[in-house]
Structure formats: C-alpha cells, structure tokens
Amino acid sequence: MDQPLDQPLPLEGITVVAVEQAVSAPFATRQLADLGARVIKVERIDGGDFARGYDTAARGLASHFVWCNRGKESIALDLKDPRGLAVVRRLVADADVFVQNLAHGAAARLGLDAATLCAAHPRLIAVDISGYGGSGPYADKRAYDMLVQCEAGLVSVTGTPERPVKAGIPAADIAAAMYAFSGVLAALVRRGTTGRGGPVEVSMLEALAEWLGHPLHHAIHGGEPPARTGLAHAVIAPYDAYPTAGGGRVLLSVQNDREWRRLAEQVIGRPELGGDPAYATNAARVAHREQTDELVAGALGALDAEEAMERLEKAGIACARLRDVHELAAHSQLAARERWRQVGSPVGPLKALLPPITLPGGDEARMGDVPALGQHTGALLRAVGMTDDEIAAMRRDGVAA
C-alpha cells in the first residue's frame, strides 16, 4: 500500500521545555524540534546559554549555538528569583517533555529534577543529562566533553602510536544527546500505551562507554586494547590513507583476500602479490604492514587523487577521499541529494543541513530559526497568563529579559 503524502511530522503537537546549555541537551532538543516538537528554551538573563559566546564564526553568531538551537523559542529568566522559577513550572505543567543538563544538584535545588517533576506530573517525560550520572563517586565531578572523552577511554584508542588525541568533534556531548533524543522517543511510545511518562537519565560517560563497544569488548574478553594507529586499522591491512600525486590523500580498505588480489593486479600492477605468502592473507599483510603499505603507496603516489579513486573503484576496492570540512560542505553527494537548506537567524539566513532522519511521504523536517536571546519571552509570559504590567515589572527587576 502506498504511503499517504500528507503525513505530519511525528512530533507535531509535542511541547518540550528545556533548561539547557552547551551541546548535549541542546543537540537532543534540536532533534525533537526538527521532527515537529515545539521546544521552549529557558536561558539565563545574563548572556543566555553560554554556548552563545563560544565564537562568532557564523556571521557573528556562535557556530555551536547555530548548530544546536534552530527551531526553538527562547525565554530568558532568572531561575533564582521565585517569579522566574514559577514561570518555568507553569510552562512545564503544560509540557510533554522536560530536558535539563544543569550542573549536578542544581536542578534538584530548583525542584526541576526528573524525579520531582514526574511525581507532580505523571504524564511528563523528564530528562536529566549529566556528566557521570546522579550517583557514584563521580556524580559531583565537573564534566566537559574532552574530560569525558578521556575518562571513557576514547582518547586512548584515538591518535597515533606516539600520541593520543581527542576526537575532533564533541563526541561525548553528541553521544549523550542522541541517547537523550532516543530516550524521549521511547518514553513517548511507552506513554502512548500506558498513559504515564517518567524520568529518563543519560550520562555522557555511559553514552560514550557504549560507543567504545569494539575496543572495550576486545579488551575485557581477553584481547589487548587496540593500538592507536592513526588512520590505519589495527587488525586489517591495507587500510589507511595514502598520498597521491598533487598532494591529495586517498583512503582505501581491503576487507578480504579476494579484494587484495584485485588490488595487486589492477592497481599495484603486480598480480603475483595476490598469491605471495607474505601478502596473500590478511594476517600476513598485517604482519608485513610496512611493506604492504609501501606497495600501495608506491602505486597510488604515481596517480593524482581522481585517477587513484577511479582505478580503485574500477577494481571494486572500497575507497574515499580524505576531505576537509570545506570539501564536505561542497560534497557532490550532499548537493545531489539536496541536503542543504537555509534557516533564519538574528543575522539573516544561514546554511544548515537537513537532519539525517528522512521520513519520505510526509512533511520535511522543520528547520526553524535560530532564536535571539529572549526573543519569545514576552509571548511566552503572556501565554502563561501574565499581564503586561507583571511582565514589565519582571523585566524592570531583571527577572526576565
């Protein structure tokens, strides 16, 4: 049966209130906004989400903030003032989901922790995102992405043999964000059958530890922790990035001995290597990794990057260009699939990628504007029943902005 072409976005009608900052919670709630949820972002009055100040790379706006906060309504409140906190509680009373990633203990002091809110609102789904979880010896420890990458062992398996390095993206933040996102979706499904919401807990450490699945299981079940090998693979050869004529680099991966024989014949130009005991099996190639890499590098180094890619593709060898982020932005595949859109912002239209969840047969992801700090404060205060005089007093007293 053909799908109807008028399906709404799946989270249409869902309201999310978020007391959030940095990346983990904002990236999670942005996914919800893209899928149709109304997301109300509660920010500090003195500068808002501190990610607004990380840089000015996006035409004066912070790149992190632009990435994680489109499609949201911003209300700026002082939650230390009872009037500001009362507004949040009124917003939460009408919400389906609440998300927070304040420092450990801060939400509980405000009565905005998941346990407290869910006890008061049985249908509410309340998400606590933390660095290390709400209990245990690390519960009170400050948790920033790089620190959690170190604690979770990611840095130990990333880099070169001589030097560990952190991932070039905030991997711990993103991991926690995506588990918070999927946790909300799961809780919404459960609420649809039981009528009850409930708490959702996500920690950056536990999220990233799950992502360490292969090296973790390799080590705890009797193997050695994988060595840091740069772009090479610890247990497969050849699998690395190789320089080509003109300065480009091409990465290739030989997954089995049949592919090695094709590589030897059609790319290296030495078919006898396919049966040579020193190279015929992956175990042999790993044992002779340096010589294997020299053979591949010698063949690819005589070709420019496009020629190397063409020859590898023709031979049926998995390969890729080693691109920088500017080259990613201009990637022909993204262009061909029309993945770029524009979103509004306080500085005008900005380019943004469609989210990777595509739902054919329905509305396209809602990629709303990036809000200015407090852009929706007045409208949201009126929506919870405040008069213009009350709003003016809150602004005058520095409780709302």
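Refer to the structure presented above.
Residues numbered from 1 in each chain as written. Predicted model: local features only at pLDDT ≥ 70, side-chain atom pairs only at ≥ 80, totals over all residues. Heavy atoms only, no water.

J.: Mind laying out the sheet that holds strand β9 (residues 318-321), listing which residues take part and the relevant values?
T.: What the three strands build is an open sheet, ordered β7-β8-β9; its pairing is antiparallel. Only two strands of the sheet have a single neighbouring strand rather than two, namely β7 (239-243) and β9. When the angles between neighbouring strand axes are averaged without regard to direction, this sheet yields 25 degrees. Of the pairings in the sheet, the one linking β7 to strand β8 (residues 249-253) comprises five bridges and is antiparallel in character. Residue pairing for β8: Y239 is matched across the bridge by S253. Against the sheet, helix α12 (residues 289-300) contacts β7 and β8, and its axis sits at roughly 40 degrees relative to β7. (Pairing = 2+ DSSP bridges. Helix = DSSP H or I, 4+ residues; strand = E, 2+ residues; numbered from the N terminus. Axes fitted to C-alpha atoms, helices over the stretch in contact; angles between N-to-C directions. Contact = heavy atoms within 4.5 Å.)

J.: Run through the nonpolar core, naming residues and quoting values.
T.: By size, the foremost hydrophobic cluster in this structure holds 41 residues, and its most contacted members are V16, V97, V99, V127 and L208. Listed by contribution, the elements that provide at least two residues to this core are β1 (15-19), α1 (24-34), β4 (97-100), β5 (125-130), α7 (171-194), β6 (198-203) and α8 (204-211). In terms of residues, this core owes the most to one element, α7, which gives eleven residues. Setting aside chain neighbours within four positions, we find V16 in contact with T29, L32, A37, R38, V39, I40, V97 and V99. With 32 residues, the next largest nonpolar core counts V17, L79, A114 and L124 among its residues. (Core = buried A, V, L, I, M, F, W, Y, C linked by side-chain atoms within 4.5 Å. Buried < 20%, exposed > 50% of the residue type's maximum accessible area, 1.4 Å probe, protein only.)

J.: So what's going on with the sheet that holds β5? Residues and values would help.
T.: Taken together, the six strands give an open sheet; going across it, the order is β3-β2-β1-β4-β5-β6, and neighbouring strands pair in parallel fashion. Strand pairing shows two members of the sheet lacking a second neighbour, β3 (72-76) and β6, which therefore form its edges. Taken pair by pair, the neighbouring strands of this sheet meet at an average axis angle of 20 degrees, ignoring direction. As paired strands, β4 and β5 are joined by four bridges and run parallel to one another. Note that in β5 the partner of Q100 across the bridge is D128. Seen against the sheet, α8 touches β5 and β6 and runs at an angle of roughly 65 degrees to β6.

J.: I'd like to hear about α12, residue by residue, with values.
T.: Taking 1.5 Å per residue, twelve residues should reach 16 Å; α12 reaches 16 Å between its end C-alpha atoms and fits that length. Those residues of α12 hidden inside the fold are in contact with β7, β8, α10 (257-268), α11 (282-287) and α13 (305-314). (Expected span 1.5 Å × (residues − 1).)

J.: Would you mind going over the packing of aromatic side chains in detail, with residue names and values included?
T.: Centre-to-centre distance and the angle between the planes together describe a pair of aromatic rings. The final tally for this structure, using the stated rule, is four aromatic pairs. Note on F50 and Y54: the rings are 6.0 Å apart at their centroids and 50 degrees apart in plane angle, and the pair reads as tilted. Where Y132 meets Y138, the ring centres are 5.2 Å apart and the plane angle is 75 degrees; that geometry is what we call edge-to-face. The class for Y138 is partly exposed, based on a relative accessible area of 34%. Residue placement shows K351 over the ring face of W340; its charged tip is 4.5 Å from the ring centre. (Phe/Tyr/Trp six-rings, centres within 6.5 Å; stacked < 30°, edge-to-face > 60°. Lys NZ or Arg CZ within 6 Å of the ring centre and 35° of its normal.)

J.: How would you summarise the environment of Q149 if you had to cite specific residues and measurements?
T.: With respect to the helices, strands and loops of the structure, Q149 is situated in helix α6 (residues 145-151). Judged by relative accessible area, which is 0%, Q149 ranks as buried. In this structure the C-alpha to C-alpha distance between Q149 and L32, which are 117 residues apart in sequence, comes to 25 Å. In contact with Q149, not counting residues within four places along its chain, are L154, V155, K166, A167, I169, P170, A171, A172 and L208.

J.: An account of the environment of L251 is requested, with residue identities and associated values reported.
T.: Its place among the elements puts L251 in strand β8. For L251, the contacting residues outside a window of four places in its chain are L231, Y239, D240, A241, A318, C319 and A320.

J.: How would you sum up the pattern of salt bridges? Please name residues and give values.
T.: For the structure shown, the criterion picks out 18 salt bridges. The salt bridge involving R38 is made with E73; its shortest N-O contact spans 2.7 Å. Residue R38 is found in strand β2 (residues 38-43), and its partner E73 is found in strand β3; the two are separated by 35 residues along the sequence. Of the residues examined, E73 reaches a relative accessible area of 18% and is grouped as buried. (Salt bridge = Lys/Arg side-chain N within 4 Å of Asp/Glu carboxyl O.)

J.: Give a detailed account of the side chain of R30, specifying residues and quantitative values.
T.: Summarising the element assignment, R30 is placed in helix α1. Exposure remark for R30: the relative accessible area of 5% places this residue in the buried category. A polar atom in the side chain of R30 sits 3.0 Å from the backbone oxygen of W67. Other than its neighbours up to four places away in sequence, R30 contacts W67, C68, N69, R70, K72 and P355. (Polar contact = N/O pair within 3.5 Å; in protein donor to acceptor, adjacent residues only side chain to side chain.)

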